[in-house]
Amino acid sequence: MNSTPKLLHITQKDISSLLDTIVSKMKLDNYEPDAIVGVNRGGLQIAVMLSHYFDVPCIPITSSVIDQESWDTGIPAGKYLVIDDDCGEGFTLAGIKANSDAEENIDVKYAVLYYNTRANFQPDYWAEEGGIDPAIVYPWEIWHMDQIRRKDDNEGG
């Protein structure tokens, strides 16, 4: 039996198309953020792209299943779009929402490239449904995977 996981390799062109879909949905809602909040790690690259698009600040946030969740207290009033690469189970975005709900005078919306409809959190915007099987490999993850392969090749030979 083959236990190799199914992988879906996403290109930078795919990322651009997915972000176009999210921006279109935001325009339909007439939602333009005052800042983009990029979730460390997978959301940082796409947050920078959206920050340039909307010409607003990009705020990195340390929050993922791997890293501790945090939302800086005392942020200025305004509209914030929190973006991550995907919402697989929803724990990361649910954790951010729990912290951001304590803030006053802010309007926070959530966006992801891929949304697993079985997740325990539903973002406001997503480009496609999926993200669990096959596993998605983003362009920014390829260098890391190549380094692991090279290390394995060097140790094995």
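Coordinates for the structure precede this section.
Residues numbered from 1 in each chain as written. Predicted model: local features only at pLDDT ≥ 70, side-chain atom pairs only at ≥ 80, totals over all residues. Heavy atoms only, no water.

Participant: Just checking my understanding: could you explain unusual backbone geometry for this structure?
Facilitator: Leave glycine aside and you will find that most residues have negative phi; peptide bonds, for their part, are mostly trans. Cis peptide bonds are those with omega within 30 degrees of zero, and the linkage from Asn 40 to Arg 41 qualifies with 25°. The residue Arg 41 is located in the loop between strand E2 (35-40) and helix H2 (44-54) in this model. Unlike most non-glycine residues, Asn 30 shows phi in positive territory, near 55°. Relative to the helices and strands, Asn 30 is located in the loop between helix H1 (12-28) and E2. Residue classification places Asn 30 among the exposed residues on the basis of a relative accessible area of 68%. Backbone geometry places Asn 105, a non-glycine residue, at a positive phi of 60°. Mapped onto the elements, Asn 105 comes out in the loop between helix H3 (91-100) and strand E5 (106-115). (Helix = DSSP H or I, 4+ residues; strand = E, 2+ residues; numbered from the N terminus. Buried < 20%, exposed > 50% of the residue type's maximum accessible area, 1.4 Å probe, protein only.)

Participant: Sorry, what's going on with H2 here?
Facilitator: At 3.6 residues per turn, the α-helix brings residues three or four places apart onto the same side. What H2 keeps buried is the set Ile 46, Ala 47, Leu 50, Ser 51 and Phe 54. The arc that holds the buried residues of H2, viewed along the axis, is 145°, so those residues lie on one side. Positive phi appears at Asp 55, one or two residues downstream of H2, with a value of about 55°. (Arc of directions from axis to C-beta.)

Participant: Even after reading the chapter, I still don't get H3, so can you show me in this structure?
Facilitator: Regarding H3, the residues found buried are Thr 92, Leu 93, Gly 95, Ile 96 and Ser 100. All buried residues of H3 lie within an arc of 160° about the axis, which places them on one face of the element. On the buried face of H3, the contacting elements are E2, strand E3 (58-62), strand E4 (78-87) and E5. (Contact = heavy atoms within 4.5 Å.)

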